[in-house]
Amino acid sequence: MISQAVLEDRLLPFHEPMVVADILRRQENRHGIAPTDFPSREAQLLVAVARPSDPVAEDEYLSRAVELGIRLGYGLQREQLAGYLQMVAVFAQVNGEAPDTVVAASAMRIRHAARVRTATRNEEETRKAFDAEQTMQSRQAYADAIVDTNRAHREAPTRRRSLADIMRSNQERREGLQGRRAVGIETPLYPRLSDAFFGWRGVILLAAMPGIGKTTLATAAMLDAVADNADTCGVFVSFEMPTETLVDRTTAQFAGMSQRRLTVGDPNQPTVDRMRLADRELANLRNAEERLRMLDGRVEFVGKQDIGALKDRRDGRGCLSRIEQLVVETKSRSRAARSFVVVDHFGCVPIENPDGGAWPSDTDRARHLLDGLVTLRDRLGKDDPIVVVAQLRKSDFRDPDLASIMGTADSGYAADAVVAFSEAAADEDAPPRKPDAKVEIEAKVVKGRDMMRRIEVRMELDPTTSRIRELDAE
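Treat the numbers as computed from the prediction; the structure is a model and nothing was measured. Think of each chain on its own: its residues are numbered from 1, step by step along the sequence as written. Predicted model: local features are reported for residues with pLDDT of at least 70 only, side-chain atom pairs are reported and counted for 80 or more only, and whole-chain, interface and lining totals are derived from all residues. The side-chain numbers reported here are obtained from all heavy atoms of the structure, hydrogens and water having been left aside.

1. Section: the overall build of the protein chain
Each helix is a run of DSSP H or I of at least 4 residues and each strand a run of E of at least 2, with the numbering of both proceeding from the N terminus. Tallying secondary structure elements over the protein chain gives 16 helices and nine strands in all. Residue burial in the protein chain is summarised as follows: out of 474 residues, 47% are buried. Across the protein chain, contacts joining residues at least 24 apart in sequence account for 68% of those joining residues at least 6 apart. Three labels apply to residues, based on accessible area from a 1.4 Å probe with only protein chains included: buried if under 20% of the type maximum, exposed if over 50%, partly exposed otherwise in between. Contacts are assigned to residue pairs that have any heavy atoms within 4.5 Å of one another.

2. What to know about the sheet that holds strand β9 (residues 467-470)
Two strands pair under a simple rule: DSSP has to find at least two bridges between them. Pairing is mixed across the open sheet formed by nine strands, whose spatial order is β3-β2-β4-β5-β1-β6-β7-β8-β9. Two strands lie at the open edges of the sheet, namely β3 (299-302) and β9, each paired on one side alone. Taking each pair of neighbouring strands and ignoring which way they run, the sheet shows an average axis angle of 20°. Between N-to-C directions, angles cover 0 to 180 degrees, with each direction set by a line fitted to C-alpha atoms, over the stretch in contact for helices.

3. What about the environment of Val343?
Its location among the elements puts Val343 in strand β4 (residues 338-344). Put simply, Val343 and Val387 are 44 residues apart on the chain and 6.2 Å apart in space, counted from C-alpha to C-alpha. Those residues in contact with Val343 that lie beyond four places of it in its chain are Val237, Phe239, Ile323, Val349, Ile386, Val387, Val388 and Val389.

4. A closer look at the side chain of Asp384
Of note, Asp384 is situated in the loop between α16 (362-380) and β5 (385-391). At 3.0 Å, the side chain of Asp384 forms a polar contact with the backbone nitrogen of Ser339. If near-sequence neighbours (up to four positions away) are discounted, Asp384 is found in contact with Arg201, Gly202, Lys331, Ala337, Arg338 and Ser339. Counting of polar contacts relies on pairs of N or O atoms within 3.5 Å, with two restrictions inside protein: one atom must be capable of donating a hydrogen and the other of accepting it, and residues adjacent in sequence are counted only when both atoms are side-chain atoms.

5. Side note on the packing of aromatic side chains
Aromatic pairs are defined between Phe, Tyr and Trp rings, using the six-membered ring for Trp, whenever the two ring centres lie within 6.5 Å; interplanar angles under 30 degrees are classed as stacked, those over 60 as edge-to-face, and all others as tilted. Inspection of every chain in the model, using the stated rule, returns four aromatic pairs. Aromatic pair Phe130 and Tyr142: ring centres 6.1 Å apart, planes at 25°, arrangement stacked. With Phe130 in helix α6 (residues 100-132) and Tyr142 in helix α7 (residues 136-155), the pair connects residues that are twelve residues apart, well separated along the chain. The same class applies to Phe130 and to Tyr142, which are both buried. Centre to centre, the rings of Trp200 and Phe340 are 5.6 Å apart; their planes meet at 50°, and the pair counts as tilted. With Trp200 in the loop between α9 (191-197) and β1 (202-208) and Phe340 in strand β4, this pair connects stretches of sequence that are 140 residues apart. Looking at Trp200, the relative accessible area reads 0%, which means it is buried. The exposure class of Phe340 is buried, given its relative accessible area of 0%. Ring pairs connect the aromatic residues Phe197, Trp200 and Phe340, which therefore count as one cluster. Two conditions define a charge located above a ring, namely a distance within 6 Å from the ring centre to NZ of Lys or CZ of Arg, and an angle within 35 degrees of the ring normal. Against the face of Tyr74 rests Arg41, its NZ or CZ located 4.6 Å from the ring centre.

6. A short note on the packing of helix α11 (residues 243-255) against helix α13 (residues 279-294)
Put simply, α11 and α13 touch, their axes get as near as 8 Å, and they point 120° apart. The angle between α11 and α13 places the two elements in the oblique class. In the packing of α11 onto α13, the handedness of the crossing is right-handed. Contacts between α11 and α13 involve Thr250, Thr251, Phe254 and Ala255 on the former and, on the latter, Asn284, Leu285, Ala288, Glu289, Arg291 and Leu292. Here the angle decides the label: under 35 degrees means roughly parallel, over 145 means roughly antiparallel, 65 to 115 means roughly perpendicular, and every other value means oblique. Working rule for handedness: look at the near helix, and if it is turned counterclockwise from the far one by less than a right angle, call the crossing left-handed; if clockwise, right-handed.

7. Examining the pairing of strand β7 (residues 439-448)
On any regular strand, side chains alternate: one points to one face of the sheet, the next to the other face. Burial analysis of β7 places seven of its ten residues in the buried class, which makes it a mostly covered element. Pairing geometry for strand β6 (residues 417-423) and β7, over seven bridges, is antiparallel. Within the sheet, the bridge partner assigned to Val419 lies in β7 and is Val445. With six bridges joining them, β7 and strand β8 (residues 456-462) adopt antiparallel strand pairing. Looking at the pairing, Val439 lines up with Leu461 of β8.

8. Some words on helix α10 (residues 214-228)
To estimate the expected span of a helix, subtract one from its residue number and multiply by 1.5 Å. End to end, α10 covers 21 Å across 15 residues, agreeing with the expected 21 Å (1.5 Å per residue, within 8%). Counting buried positions over the 15 residues of α10 gives 13, a clear majority of the element.

9. With respect to the side chain of Ser138
Structurally, the position occupied by Ser138 is in helix α7. Within polar-contact distance, the side chain of Ser138 engages the backbone nitrogen of Thr135 at 2.9 Å. Once residues lying within four places of it in the same chain are set aside, the contact partners of Ser138 are Ala129, Phe130 and Glu133.

10. A short note on the nonpolar core
Among the nonpolar cores identified, the biggest contains 52 residues, and Leu193, Phe197, Phe340, Phe421 and Met459 are the most heavily contacted of them. With eight residues, α10 is the largest single contributor of residues to this core. Judged by nonpolar contacts, the second largest core, of 33 residues, contains Ala207, Val302, Phe346 and Leu373. Grouping buried Ala, Val, Leu, Ile, Met, Phe, Trp, Tyr and Cys residues that are joined through side-chain atoms within 4.5 Å yields what is termed a nonpolar core.

11. A short note on the packing of helix α3 (residues 41-48) against helix α4 (residues 58-72)
Running from N to C, α3 and α4 point in directions that differ by 115°, and their axes come no closer than 9 Å. You can see that α3 and α4 cross each other, and the crossing is right-handed. Across the interface between the two elements, Leu45, Leu46, Val47 and Ala48 from α3 touch Tyr61, Leu62, Ala65, Leu68, Gly69 and Leu72 from α4. For this classification, the nonpolar set comprises Ala, Val, Leu, Ile, Met, Phe, Trp, Tyr, Cys and Pro, the charged set comprises Asp, Glu, Lys and Arg, and every other residue, Gly included, is treated as polar. Residues that form the contact of α3 with α4 fall into these classes: nine nonpolar, one polar and no charged.

See below:
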């Protein structure tokens, strides 16, 4: 019988038995792996009792391992150790006398895996400490532990994958997706966009001129995703607005009123519950506040004063490291499997030139930032969306394309999807649009990869309700 730790480690057949076989065959731990570095307890015990120039019969060897296991409280039976030894012998026979380079590489993987386990345990301990007493020290310790865990995962070497490995991985992924309508996260509020993306996923750029509703759309899509998917959390990071403004805008959006109306009310209305709103508006506001409270813990709004311009010089990813920490914390706290992240906006993200000094051009800055966003995507999960609000060049706002995204130029191709928004062409003879008039918008998916579709979606922004909707879905 093999322990659960062995069964759970899917890479185990490629390294642990090979290294254990090398140690037992030579009666020497020539790669200096600590017994506790092995993921399985069987290997820990068998390696711990292996002594140089001390060959003994298998029965004696097993007796030593059983005795050590009892002292350590492992609770392993003799049959379990014998079964593991048999597996090691079979593995060594199948692989023959494995080349030293393969054994060395496998030993390195075991050491790195041990570091990942240690870092993960430390992260869990610091998280519990932070949950028990939320201080600046416990928060920083938890944040540092998350960074260390991420670094341990990044540095862990992997064996070269064969075609069979990749095919097996693809098959498992397909089996896990069978019966689903999308790969990414669906948003019932925006069915056409959700279908175009095959579920919101990857790095998605929402590009438009100011006032078109891109931030409104990103907020609504994130909240819709969280409300409709119990396994999803949301993190909205703004480098442009304070956190209070973000929450106020969202409250107005949920209540179906303008932020102006929410802020000052209606002077013609009597004061009820300290608000000057009509009865229906007040009821909508209380309902919106209750709906938002129900999402507390699963949704985080972080404004520019809370995210800061932190730079982790140990990995050079700047504030993206901090965003990663925020998402990981929110996932852990809400026990969510997926995340819907919004970054607002592309031009305000504080990203430093790794070579020092000013950026040679906007394109260089954009390329570096997009590379960082792609890295963030890979760490959080490729099927989780990172929606980034961006701006279009003013000269292209009527007929935008991929190159129209301000400062990104050819770097836009690093994103998984790009949506360009523009106001629908109005009659030149028509009078100027009133500030509170509804705005018809054309949203063009100008770039989409991996089963995504390039389509155009008609939308409408209503400033009086702070909402944007798909017209084509009606």
